[in-house]
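One letter stands for each residue in the lines below.
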Amino acid sequence: MKIDASNKYYKQLNKEIKHVQTRDITVKNVLGQRYIGTGVKDKKLTLYGTPGNGMGAYLDHTDIEVFGNVQDAVGDTMNEGDIIVHGKAGDTLGYAMRGGRIYVQGDAGYRVGIHMKAYKNKQPEIVIGGCVGSFLGEYQAGGTILVLGIGAQDTMPIGNYCGTGMHGGDMYIRSAFKPDFLPPQVSIELCDSKDMAKIQPMIDRFCTYFDVKEDILRDKPYYHIFPNADNPYKSLYTTY
Amino acid sequence: MGIEYLYPEFEVHRNFDRCIKCRVCERQCSEGVHFYDAEDDIMRADESKCVDCQRCVTMCPTRALKIVKTENTFRPNHNWHQDTIEEIYRQATSGGALLSSMGNPKDYPSYWDRILLNASQVTNPSIDPLREPMETKVFLGKKPHDLEFDSHGEVISKLPPQIELELPVMFSAMSFGALSENAHKSLARAATACGTCYNTGEGGLNKSLYPYGPNTIVQVASGRFGVHEDYLKAGCAIEIKMGQGAKPGIGGHLPGRKIGPKVAETRMIPEGSDAISPAPHHDIYSIEDLRQLVYSLKEATNYEKPVIVKIAAVHNVAAIASGIARSGADIIAIDGFRGGTGAAPTRIRDNVGIPIELALAAVDQRLRDEKIRNDISIVVGGSIRSSADVVKAIALGADACYIGTAALIALGCHLCRQCQRGLCNWGIATQREDLCRRLNPDIGTEHLINLLTAWNNEIKEMMGGMGINSIEALRGNRLMLRGVGMTEKELEILGIKHAGE
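In short, a report on the structure. (Residues numbered from 1 in each chain as written. Chains lettered and ligands numbered in written order. Predicted model: local features only at pLDDT ≥ 70, side-chain atom pairs only at ≥ 80, totals over all residues. Heavy atoms only, no water.)

Helix and strand counts for chain A stand at 2 helices and 12 strands. In sequence order, chain A lays out its α and β elements as β-α-β-β-β-β-β-β-β-β-β-α-β-β. Whereas a compact globule of 240 residues would reach a radius of gyration of roughly 18 Å, chain A reaches 18 Å, a difference of no more than 12%. Once the C-alpha set of chain A is aligned to its principal axes, its extents read approximately 55 × 55 × 30 Å. Expressed as a percentage of contacts within chain A between residues at least 6 apart in sequence, the contacts between residues at least 24 apart total 41%. Only carbon and sulfur atoms are counted for the fraction: they give 49% of the accessible area of chain A, which is about 9,800 Å². (Helix = DSSP H or I, 4+ residues; strand = E, 2+ residues; numbered from the N terminus. Rg over C-alpha atoms; globule rule 2.2 N^0.38 Å. Contact = heavy atoms within 4.5 Å. Areas by Shrake-Rupley, 256 points an atom, 1.4 Å probe, with all protein chains shown as cover.)

Here it is in structure tokens:
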């Protein structure tokens, strides 16, 4: 099923998408329409153009592949499904996501993966091919964030204040430099073979989705950022 | 002993002529105050642990117990109260920020208590609710600016989604985790029986309570615990929690020890892990961002559910409310500075925010001035203590009220303000199995139904006295209110006259 999004307001477009019976839906000429994929179950959406904010909010068992850039609040509180972006992403990508996967070929903005969670067999993943802005993985409670930093030559692939308030999950950063200025709630180590084995399937998926040769991802070390067991996010209070 | 020694605040008075050493008090006290001294064959108490929850007093079969505030005092000082001095001792020895529970207990003015209601005399007959129909039903949601009818007189305008309430009182947001399962069950069942709503709070909704969905408001807070598509569709409305009266500008932290299997399942997080709600929603830094979240929720639920935005009553509340009305939200909930909590930093609870009476009057007036009052309903909470407070709130401009503390008191809460400890002897604010069993959900439901029924009858009586037979005719009817002992400025903000005028 093909839909032309030209000159369609988001409510109209989303209504059309919700009413399609077939699983595969291709939407052409997407230009800023919000909330695509929200409230849509068991579909596979292929979007051409630039979807607007809130794409895939509360996503549940729907896959979205975008040929273009995406904007802010993609995958907000998503529960299940794959989002693949052949382009860049804006801010608050994957806010509080609990399940599913988000793969972005290029860079992503600020506050990626804030308050990402995990629950039982739901182990969400965010993989960013390029660099990310500040506040990556703040309050992270579960799941895995991988930043590959493709394109970061002499720069740090992540911004400032990474992992403030982190109390679960893992972040992996491919970087020529060891990420510094980290908050006391997190620890950082160079990845060992066990860590690499854990993220290998994510690297494989990234290479497959975006047709990237894996050897270009082997030239720099990977760092593992995780909650600091000696200095956990603890209450600062005295009760009475 | 240095300054860390604080003389116990309460004394356990046991009448040994009455005490039969049945040890009920010992079994009932989760704080471990009472114990049996076998050597002397006598019941004893360690009052340093007593929180004055009144459980032992209530359960003692021979009325042998009472809890009395100690007479031991520091040298009286009107500037340095004993509490203030003791708080400094606590902080000097622990280094911790003070944490406490339930609403602000300080001696700030209550404007409800300075507002009086009108009644009809001679020229405008009062109405007896026993013989005349009285309407306390309200609809919450956007109201259309005009209506279109077909040739048969049937309305053809499509109404935005509404919450229909049999009385203008709902149970406010209290999460499963802060409250026990039986407390939640009681609220859900009573709301259903009375045709009103309870609110899940930010802890998700357990599947076992989905059948009460038509009377459930589901909440979305910064932590997004338990939020997924089915959850959003399970309730009759969705509430975005931006703030809470007890702790404006502060997030929440449910410690891992309170996250047992069922709470974990409901919040959809691992057992024993901390549940942290950041202070702001990190995707909302403006009214435009709020609008984005409001419409993402509407999109996820096919525009069938009203969206509530809940904020704490703070200094610029009127301007904020105007923004919220323009964000596309259907209902604004405002929580006053006396609102309750399961745990809040004491300094925040006791010093931040403004009285709900003033906030409500300011918001209602602002929305009227901007001609957008019909675009949004107003729900107020933050220490609504009686049906009289409800009537005054409606007359000041509210569409409905939220009650939290009053509902918990109906379930047995004695306001000992120790919710954060998780040892609630009344089975309300605890996850400990043996304590949870103390709250029978059948009895809890009955007490809540009784409370709402009584309040609804009282509301009708007060309305009848004013010669008003419909809650719609009371809303924003400030001529029904007079102030006593207020300044010009206070009267001006409340938009009411002084008694005698």
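Core analysis: the biggest nonpolar cluster contains 116 residues, and I163(B), F171(B) and I428(B) have the highest contact counts within it. Ignoring sequence-local partners within four residues, the contact set of I163(B) consists of V138(B), F139(B), L140(B), C197(B), I217(B), C236(B), A237(B), P306(B), I308(B) and I331(B). Ranked by size, the runner-up nonpolar core spans 42 residues in total, among them A5(A), V27(A), L136(A) and V186(A). (Core = buried A, V, L, I, M, F, W, Y, C linked by side-chain atoms within 4.5 Å. Buried < 20%, exposed > 50% of the residue type's maximum accessible area, 1.4 Å probe, protein only.)

Right, let's talk about the sheet that holds strand 2 (residues 24–31) of chain A for a bit. Residues and elements named next belong to chain A. Here 11 strands make up an open sheet; going across it, the order is 1-2-3-4-5-6-7-8-9-11-10 and the pairing mixed. Sheet topology places strand 1 (2–4) and strand 10 (186–190) at the edges, where each strand pairs with a single neighbour. For this sheet, the mean inter-axis angle between neighbouring strands, taken without regard to orientation, is 15 degrees. Across 6 bridges, the pairing between strand 2 and strand 3 (residues 44–50) is parallel. Paired with I25 across the strands is L45, a residue of strand 3. Set on the sheet, helix 2 (residues 193–210) makes contact with strand 5 (82–85), strand 6 (101–104), strand 7 (125–128), strand 8 (141–147), strand 9 (168–174), strand 10 and strand 11 (222–227); between it and strand 6 the angle comes to about 60 degrees. (Pairing = 2+ DSSP bridges. Axes fitted to C-alpha atoms, helices over the stretch in contact; angles between N-to-C directions.)

Residues and elements named next belong to chain A. Structurally, the position occupied by D192 is in the loop between strand 10 and helix 2. Given the relative accessible area of 42%, D192 is considered partly exposed. On a C-alpha basis, the gap between D192 and Y223 in space is 9.0 Å, while along the polypeptide they are 31 residues apart. A polar contact is formed between the side chain of D192 and the backbone nitrogen of K194, at a distance of 3.1 Å. (Polar contact = N/O pair within 3.5 Å; in protein donor to acceptor, adjacent residues only side chain to side chain.)

We now examine the packing of helix 11 (residues 387–396) of chain B against helix 14 (residues 441–465) of chain B. All names here are of chain B. Where helix 11 contacts helix 14, the axes come no closer than 9 Å and their chain directions differ by 50 degrees. Here helix 11 lies oblique to helix 14, going by the angle between them. Note on packing geometry: the crossing formed by helix 11 with helix 14 is right-handed. Of the residues in helix 14, those in contact with S387, A388, V390 and V391 of helix 11 are W455, E458, I459 and M462. Tallied by class, the residues present in the contact of helix 11 with helix 14 amount to 6 nonpolar, 1 polar and 1 charged. (Parallel < 35°, antiparallel > 145°, perpendicular 65-115°, else oblique. Left-handed = near helix turned anticlockwise from the far one by under 90°. Nonpolar A, V, L, I, M, F, W, Y, C, P; charged D, E, K, R; others polar.)

With that settled, the discussion passes to helix 8 (residues 317–326) of chain B. Residues and elements named next belong to chain B. Among the 10 residues of helix 8, 7 are classified as buried, and the element is accordingly described as predominantly covered. Along helix 8, the positions that sit buried rather than exposed are V317, A318, A321, S322, G323, I324 and A325. For helix 8, the secondary structure elements touched by its buried residues are helix 7 (287–300), strand 15 (307–312), strand 16 (331–335) and helix 10 (356–369). Trailing helix 8 by a residue or two, G328 shows a phi angle of about 100 degrees, which is positive.

Attention now goes to the sheet that holds strand 17 (residues 344–345) of chain B. Spatial ordering of the open sheet is given by 12(A)-5(B)-17(B), a layout of 3 strands whose pairing is mixed. Each having just a single partner strand, strand 12 (237–239) of chain A together with strand 17 of chain B make up the two edges of the open sheet.

If a strand is regular, its side chains alternate between the two faces of the sheet. All names here are of chain B. Counting buried residues in strand 15 gives 6 out of 6 residues, a clear majority hidden from the surface. Of the two faces of strand 15, the one holding V307, V309 and I311 and the one holding I308, K310 and A312 are both buried throughout. With 4 bridges connecting them, strand 12 (residues 237–241) and strand 15 associate as parallel partners. Residue pairing in the sheet places I238 in a bridge with V307 of strand 15. As paired strands, strand 15 and strand 16 are joined by 5 bridges and run parallel to one another. When the sheet's bridge partners are listed, A312 is paired in strand 16 with D335. Handedness of the crossover joining strand 15 and strand 16 through helix 8: right-handed. (Right-handed = clockwise from strand over helix to strand, strands pointing away.)

Moving on, we come to a nonpolar patch on the surface. All names here are of chain B. Nonpolar side chains collect at one region of the surface, where L147, F149, V155 and L159 lie side by side and expose about 370 Å² of accessible area between them. Relative to the helices and strands, L159 resides in the loop between strand 7 (138–140) and strand 8 (163–165). Residue class for L159 comes out partly exposed when judged on its relative accessible area of 48%. (Patch = residues over 30% accessible without salt bridge, like charges linked within 9 Å, V, L, I, M, F, W, Y side chains within 5 Å. Salt bridge = Lys/Arg side-chain N within 4 Å of Asp/Glu carboxyl O.)

Before going further, it helps to examine the interface of chain A and chain B. At the interface, 41 residues of chain A touch 47 residues of chain B. Roughly 3,700 Å² of surface becomes buried between chain A and chain B when both sides are summed, with 55% attributable to carbon and sulfur atoms. Sorting the residues of chain A by area buried against chain B places Y58(A), Y95(A) and Y240(A) first, and these three jointly supply 22% of that buried surface. Summed over the shared surface of chain A and chain B, the result is 3 salt bridges. Here chain A is connected to chain B by 15 residue pairs in polar contact (both at pLDDT 80 or more). Secondary structure elements with two or more residues in the side of chain A that touches chain B: helix 1 (10–19) and strand 12 of chain A. Of the residues belonging to the side of chain A that touches chain B, the class tally is 16 nonpolar, 13 polar and 12 charged. Relative to strand 5 (residues 97–100) of chain B, strand 12 of chain A runs parallel, the two being bridged by 3 bridges. Within strand 5 of chain B, the position partnered with T238(A) by the bridge is L98(B). (Buried area = accessible area lost by both parts, 1.4 Å probe.)

Distances and angles like these do not, on their own, reveal function.
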